[in-house]
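Summary of structural features
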Amino acid sequence: MNKIGGEEILMPVLVPKENWEVTGRWEAFDVLFKLKGADEKEYALGATHEEVVTPLAKKFLFSYRDLPMMPYQIQTKFRNELRAKSGIMRGREFLMKDLYSIHADQADLDKFYEVAKHAYFRIFDRLGLGGITYLTYASGGSFAKYSHEFQTICDAGEDLIYICDNCRIAINKEIIAEQSQCPICGNKKFREAKAVEVGNIFKLANRFSNPFELQYTDKDGQKKEAVMGCYGIGPSRVMGTIVEICHDERGIIWPEEIAPFKVHLILLGNKKSWAENKKEADRLYEKLEERGIEVLYDEREDAGAGEKFAEADLIGCPIRLVISDKTLAENAVEVKKRNGADSKLVKINDVVKDLIK
Ligand code: ATP
Ligand code: MG
């Protein structure tokens, strides 16, 4: 988001009723959590933030020179979902990364929309979902012909999409009824798949700038209405999706980009060797941390080897290192990848170098 010009902000979670009334969504948006303040003033918890970002932008927007604006946030959202299910995949409280773009005209919005779309593909690639995430044409509501969802093929998904293998795009079930051919190649042959909506981008045009009168003075001195786009990703749902896809019977297999730790270091030993082995493991832990490699260090003396191995597999860090009597006899550390079957012994002095390359 930063790379495409986004500016990170944090908007309030309590959104006054008046803001939702301006757009008609106090009544029309059926998943709002509504509450009363001490002064009887009414609020809804932020379910999406057009009703906040638009009046906020109004305070900073005077002339065409102030545009475009691309504020974004990563924040907890609240939606009173009728059917919350599958844990973090559909919650009433969840994380959203929401970027909003504000432009002088449709052409500038159209241009940025393509840039944002490209950035989304890069994000899903880096998350390890590249090959199975499809740009999916969905209904655009009343303000654009289409919106674009990013749908990841996954059996745990709630959505049905129709994939055109020629163009590597898909159409959402809800629009396949009205749009029975591929919008790019005209093909009518689709492959049906279950999928999870991990992201959604929309051209809002003047849906929000109009009711909030978000205007600016153009080069010619004329007052003009700004146009907007919005771009959402659900990081908590994405996390659930990745776990659905990247696991085996023993637990999670985190892709390296987003693993909570790159290395899971396990210390083993008996009563006699423990202190000596721990000295080696502590030294290795510090060396790895110094080189910027994040390590989850299991130095529990009261847990058995089997328990430690099982938990390492369950947690799913990409690389497991073991220091034990056996490995230290060879002056070495055992190295095993979570997604591979084999382990190897690497000399203790070479491990850091080995992990960095
Ligand atoms: P859905 O159709 O799945 O209900 P949506 O279209 O209402 O989602 P958006 O308003 O487009 O969702 O929100 C942006 C992103 O936030 C979605 O693409 C999704 O990744 C995530 N998201 C939306 N609702 C939830 C939820 N209840 N739990 C977890 N993540 C969610
Ligand atoms: Mg959506």
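In the block above lies the structure referred to throughout.
Scope of this entry: the structure provided in the associated data block. (Residues numbered from 1 in each chain as written. Chains lettered and ligands numbered in written order. Predicted model: local features only at pLDDT ≥ 70, side-chain atom pairs only at ≥ 80, totals over all residues. Heavy atoms only, no water.)

Around ligand 1, the surrounding shell holds 14 residues, and the nearest of these are Arg79, Glu81, Arg90, Gly91 and Glu197. Residue Asn200 places a side-chain N or O atom 3.2 Å away from an oxygen atom belonging to ligand 1. Protein coverage of the free-state accessible area of ligand 1, which is 590 Å², stands at 82%. Breaking the shell around ligand 1 down by element, the ones donating at least two residues are strand S6 (93–103) and strand S11 (191–205). Considering each element in turn, the shell around ligand 1 owes the most residues, 4 residues, to S11. (Near = heavy atom within 4 Å. Polar contact = N/O pair within 3.5 Å; in protein donor to acceptor, adjacent residues only side chain to side chain. Areas by Shrake-Rupley, 256 points an atom, 1.4 Å probe, with all protein chains shown as cover. Helix = DSSP H or I, 4+ residues; strand = E, 2+ residues; numbered from the N terminus.)

Each donor-metal-donor angle would ideally measure 109.5 degrees in four-coordinate tetrahedral geometry, or 90 or 180 degrees in six-coordinate octahedral geometry. Around the magnesium ion (ligand 2), the protein supplies Glu197 (OE) and Asn200 (OD1) as donor atoms, at distances of 2.2 to 2.3 Å. For Glu197, a relative accessible area of 24% corresponds to the partly exposed category. Take Asn200: its relative accessible area is 16%, and that puts it in the buried class. (Donors = N, O, S within 2.8 Å, 3.2 Å for Na, K, Ca; no water. Buried < 20%, exposed > 50% of the residue type's maximum accessible area, 1.4 Å probe, protein only.)

Time to look at the packing of aromatic side chains. Under the counting rule described, the total for this entry stands at 9 aromatic pairs. Where Trp20 meets Phe29, the ring centres are 6.4 Å apart and the plane angle is 55°; that geometry is what we call tilted. With a relative accessible area of 0%, Trp20 lands in the buried category. Plain terms: the ring middles of Tyr113 and Tyr231 are 6.1 Å apart, the flat faces sit at 50° to each other, and that makes the pair tilted. On the criterion of sequence distance, the pair formed by Tyr113 in helix H4 (residues 106–126) and Tyr231 in strand S14 (residues 227–233) is long-range, its members being 118 residues apart. (Phe/Tyr/Trp six-rings, centres within 6.5 Å; stacked < 30°, edge-to-face > 60°.)

With that settled, the discussion passes to the environment of Glu294. Its place among the elements puts Glu294 in the loop between helix H7 (274–290) and strand S18 (295–298). Using a relative accessible area of 47% as the deciding quantity, one classes Glu294 as partly exposed. Residues Glu294 and Met96 lie 198 residues apart in sequence; the distance between their C-alpha atoms is 25 Å. Setting aside residues no more than four positions away along its own chain, Glu294 makes contact with Pro260, Phe261, Lys262, Val263 and Glu289. (Contact = heavy atoms within 4.5 Å.)

A few words on the pairing of strand S4 (residues 42–45). Two faces belong to every sheet, and in a regular strand the side chains alternate between them. Examined bridge by bridge, strand S2 (residues 14–16) and S4 share 3 bridges and lie antiparallel to one another. Looking at the pairing, Pro16 lines up with Tyr43 of S4. With 3 bridges joining them, strand S3 (residues 34–36) and S4 adopt antiparallel strand pairing. The residue of S4 that forms the bridge with Lys34 is Ala44. (Pairing = 2+ DSSP bridges.)

Strand order in the open sheet formed by 3 strands is S2-S4-S3, and the pairing between neighbours is antiparallel. With partners counted over all chains shown, the strands left at the sheet margins are S2 and S3, one partner each. Taking each pair of neighbouring strands and ignoring which way they run, the sheet shows an average axis angle of 40°. (Axes fitted to C-alpha atoms, helices over the stretch in contact; angles between N-to-C directions.)

The next point concerns the sheet that holds S18. An order of S18-S17-S19-S20-S21 is seen for the 5 strands of this open sheet, with the pairing classed as mixed. Edge positions in the sheet fall to S18 and strand S21 (343–347), since each has one partner strand and no second. Strand after strand, the sheet turns through a mean of 25° between neighbouring axes, direction not considered. Relative to S18, strand S17 (residues 263–267) runs parallel, the two being bridged by 4 bridges. By the bridge assignment for S18, His264 is matched with Leu296. Helix-sheet contacts for H7 involve S17, S18, strand S19 (319–323) and strand S20 (332–337), and the interaxial angle to S17 is about 165°.

Moving on, we come to the pattern of salt bridges. Tallied over the full model, the rule gives 29 salt bridges. The residue Lys203 makes a salt bridge to Asp110 at a minimum N-O spacing of 3.0 Å. Of the two residues, Lys203 sits in strand S11 while Asp110 sits in helix H4, which places them 93 residues apart along the sequence. Among the salt bridges present, the one from Lys279 reaches Glu276, with a minimum N-O distance of 3.7 Å. In this pair, Lys279 and Glu276 are both assigned in helix H7, 3 residues apart and thus about one turn of the helix distant. The exposure class assigned to Lys279 is partly exposed, which follows from its relative accessible area of 48%. Here Glu276 falls in the partly exposed class, since its relative accessible area comes to 46%. (Salt bridge = Lys/Arg side-chain N within 4 Å of Asp/Glu carboxyl O.)

This is a description of form; function is not addressed.
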